[in-house]
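# A look at the structure
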Amino acid sequence: MRGSHGWAELRPEDKRSIIDSIVAGKSPRGPLHLELDLTDRCNVDCYFCNQMDVRTKEQIPYERIVEILDETAANGLRSVRLAGGGDPLFHREIEQVIDAIHARHLVIDNITTNGLGLTPAVAKRLVEGGTREVLFSLNAADAADYQRMMQVKPAIFDKVTANIRHLVSIRGPQQHPAVVVQFLLDRENVARLPDMYALGVGLGADVIAVNTITEIPHERIDAAILLTPDDRELLRGPLREIIAADRERRLLQICFPRQELNALVREIEGELGANVSEGYTTADTFRDENGFCFFGFYSAVVRGNGDLYPCCMLLNPDYKPLGNAVKEKFGEEWNGTGFRQLRHEMREVLLAGGAAEYQPGRYATLTPECVNAHACGLKNMYFRSDADFYRDLGEALAEARAKEIRLIGNRQQISRALQQLKHRHPRLRKAYEAVARSSPGVRAWLKRHFSVR
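My aim in this report is to walk through the structure given alongside it, one point at a time.

Parameters and conventions
- Residues numbered from 1 in each chain as written.
- Predicted model: local features only at pLDDT ≥ 70, side-chain atom pairs only at ≥ 80, totals over all residues.
- Heavy atoms only, no water.
- Pairing = 2+ DSSP bridges.
- Helix = DSSP H or I, 4+ residues; strand = E, 2+ residues; numbered from the N terminus.
- Contact = heavy atoms within 4.5 Å.
- Axes fitted to C-alpha atoms, helices over the stretch in contact; angles between N-to-C directions.
- Phe/Tyr/Trp six-rings, centres within 6.5 Å; stacked < 30°, edge-to-face > 60°.
- Buried < 20%, exposed > 50% of the residue type's maximum accessible area, 1.4 Å probe, protein only.
- Lys NZ or Arg CZ within 6 Å of the ring centre and 35° of its normal.
- Parallel < 35°, antiparallel > 145°, perpendicular 65-115°, else oblique.
- Left-handed = near helix turned anticlockwise from the far one by under 90°.
- Nonpolar A, V, L, I, M, F, W, Y, C, P; charged D, E, K, R; others polar.
- Core = buried A, V, L, I, M, F, W, Y, C linked by side-chain atoms within 4.5 Å.
- Disulfide = S-S within 2.5 Å.
- Arc of directions from axis to C-beta.
- Polar contact = N/O pair within 3.5 Å; in protein donor to acceptor, adjacent residues only side chain to side chain.
- Expected span 1.5 Å × (residues − 1).

### Here we look at the sheet that holds strand β5 (residues 178-185)
Pairing in this open sheet of nine strands is mixed, and the strands run β7-β6-β5-β4-β3-β2-β1-β8-β9 from one edge to the other. The open sheet has two edge strands, β7 (252-254) and β9 (308-309), and neither has a second partner. Inspection of the sheet shows strand β1 (residues 33-36) paired to strand β8 (residues 299-302) by four bridges, in the parallel sense. Following the sheet pairing, L34 is matched in β8 by A300. Taken strand by strand, helix α8 (residues 232-245) contacts β5, β6 (207-212) and β7, and its axis lies near 145 degrees from that of β7.

### Considering the packing of aromatic side chains
Counting across every chain of the model gives 18 aromatic pairs. When the ring of W7 is compared with that of F294, the centres are 5.8 Å apart and the planes differ by 55 degrees; the resulting orientation is tilted. Of this pair, W7 sits in the segment before α1 (12-24) while F294 sits in the loop between α9 (259-272) and β8, and the two are 287 residues apart along the sequence. Residue class for W7 comes out buried when judged on its relative accessible area of 6%. Overall, the relative accessible area of 0% leaves F294 in the buried class. Note on Y358 and Y363: the rings are 6.0 Å apart at their centroids and 20 degrees apart in plane angle, and the pair reads as stacked. With a relative accessible area of 25%, Y358 lands in the partly exposed category. Directly above the aromatic system of F90 lies the positively charged group of R41, at a separation of 4.2 Å from the ring centroid.

### Points about the packing of α1 against helix α13 (residues 387-404)
Closest axis-to-axis distance for the α1/α13 pair is 10 Å, and the angle between their directions is 15 degrees. Relative to α13, α1 is oriented roughly parallel. In this structure, α1 crosses over α13, and the sense of that crossing is right-handed. Residues K15, R16, I18, I19, I22 and V23 of α1 lie in contact with α13, whose contacting residues are F389, D392, L393, A396, L397, A400 and E404. Of the residues that constitute the contact of α1 with α13, the class distribution is nine nonpolar, no polar and four charged.

### A closer look at the nonpolar core
Membership of the largest hydrophobic core comes to 123 residues, with the highest contact counts inside it found for I18, L239 and F294. Take this core: its biggest share by element is six residues, from helix α11 (residues 337-352).

### Looking at the state of the cysteines
In the structure shown here, the tally under the stated rule is zero disulfides. Its sulfur unpaired, C312 is 5.5 Å from the next cysteine sulfur, which belongs to C311. Here C370 is not cross-linked by a disulfide; its sulfur's nearest cysteine counterpart is in C311, at 6.3 Å.

### Points about unusual backbone geometry
Backbone torsion omega between H176 and P177 reads -5 degrees, so that peptide bond is classified as cis. If you trace the backbone, P177 turns up in the loop between α6 (155-171) and β5. Residue H374 is not a glycine yet carries a positive backbone phi of 60 degrees. Inspection of the secondary structure assignment puts H374 in the loop between α12 (368-371) and α13.

### Things to note about the packing of helix α2 (residues 62-74) against helix α3 (residues 94-103)
Look at α2 against α3: their axes get within 10 Å of each other, and the N-to-C directions meet at 15 degrees. It follows from the interaxial angle that α2 and α3 lie roughly parallel. The way α2 lies across α3 gives a crossing that is right-handed. Here Y62, I65, V66 and L69 of α2 come into contact with α3, specifically with Q96, V97, A100 and I101. Across the contact of α2 with α3, the residue classes break down as seven nonpolar, one polar and no charged.

### A short note on helix α5 (residues 143-150)
Within the sequence span of α5, burial applies to D145, Y146, M149 and M150. Down the axis of α5, the buried set is contained in an arc of 115 degrees. They therefore lie on one face. The N-capping residue of α5, defined by a side-chain oxygen 3.3 Å from the backbone nitrogen of A144, is D142. Residue Q151 follows α5 closely and has a positive phi angle near 60 degrees.

### A word on the pairing of β1
Side chains H33 and E35 of β1 all project onto a buried face; the interleaved residues L34 and L36 project onto the opposite face, where all are buried too. Examined bridge by bridge, β1 and strand β2 (residues 79-82) share four bridges and lie parallel to one another. Looking across to β2, one finds that L36 is bridged to L82.

### Regarding α6
Spanning 17 residues, α6 covers 25 Å between terminal C-alpha atoms, matching the ideal 24 Å at 1.5 Å per step. Here α6 has its buried residues at F157, V160, T161, N163, I164, L167, V168 and R171. Buried residues of α6, seen end-on, are gathered within an arc of 150 degrees and therefore sit on one face of the element. Relative to its buried face, α6 has exposed residues pointing more than 90 degrees away, namely A155, D158 and S169. Structurally, α6 contributes buried residues whose contacts are with α4 (120-128), β4 (133-137), α5, β5 and α7 (193-203). G172 occupies a position one or two residues after α6 and carries a positive phi of about 65 degrees.

What follows is the structure in structure tokens.
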């Protein structure tokens, strides 16, 4: 079993509690999954890191980690993920942290690391504790490109690959932890993709994950180095070679952020008669209108300085934290103003069922990626294979929508109904926008009374 954002650790009653909390608009008892970004400190300096602007020299004190674990475990916590703006294995007391997690019978669902801090002592603890998955951000086929990508001395590459081999060797035939080696592509290394694949095979990886580097906040990456949908032909040859080589091994996982590039993968699959895993499957009960984010009812992220976020995708300097778990008790923040507002907004998006659209000023805790359809894969990629959950969620949301979206009702119910009408009837939407442009007073009245923008 690989990491599943803790979903595989949940009981049916846990999943039902998530649905009931969404429908009732109430705070759940506590997070069922928790990402502990143990430290903002890092021992490499990847040029593509989307969290470089939140990096500090801080780490969550060990004593505070224990307090958070005790409090959340008492309220139903099932699993943790160790990741971060820095590298989790760079925490000064990482061995004690792992021991504390295991002592509370919690599962380490995933560790995302560059692998430099994977000492034999840490590796032994991960194997003995049944860690579900360790994802190594390797990204390069050799020491020279590793130096370019991670901006460290090239000798580090050999140390990291040795650490991966050691983990695989002491794990032996066990399934835990699954070893995922990730490679990120840009224009300078895309031709080396076959060498990356061969390296992953040689390391004994269970999964070889391939993706492209994407833009990060504040335009810190030169756009000229990024692969785009126009680079299909640049990718075709290397992709074809590794897909052909992987026909029997079935180690590859490819799910690009741009659908045009995923279409290229499907095209090559058809030519070769091969199948490449995208990593996640979709249940027949899943519906797009029910596939919006519910992280605020389920999970949270604690950053190295204690700041609280809904998920790892929002760890950037432009997002206002929802609280701080070092300065305040975790439970007080989980039930505090920030998370309550987040849950309210997430519930409204789920009720809208696809009719919601991001508009500046409308949401206090959600970003465009949180609201707009298909803008963030993390919304449901770990969960959408759960047929029972999405069947039950769909039924519960259908009942809630019937009660709470009405043209005859209170202001909020009418607001939701008008939003639905605009979404379902493009001509009506155009007419409304024409009136709104010519009559600012009418638009202001609708916004004031029904939150229609």
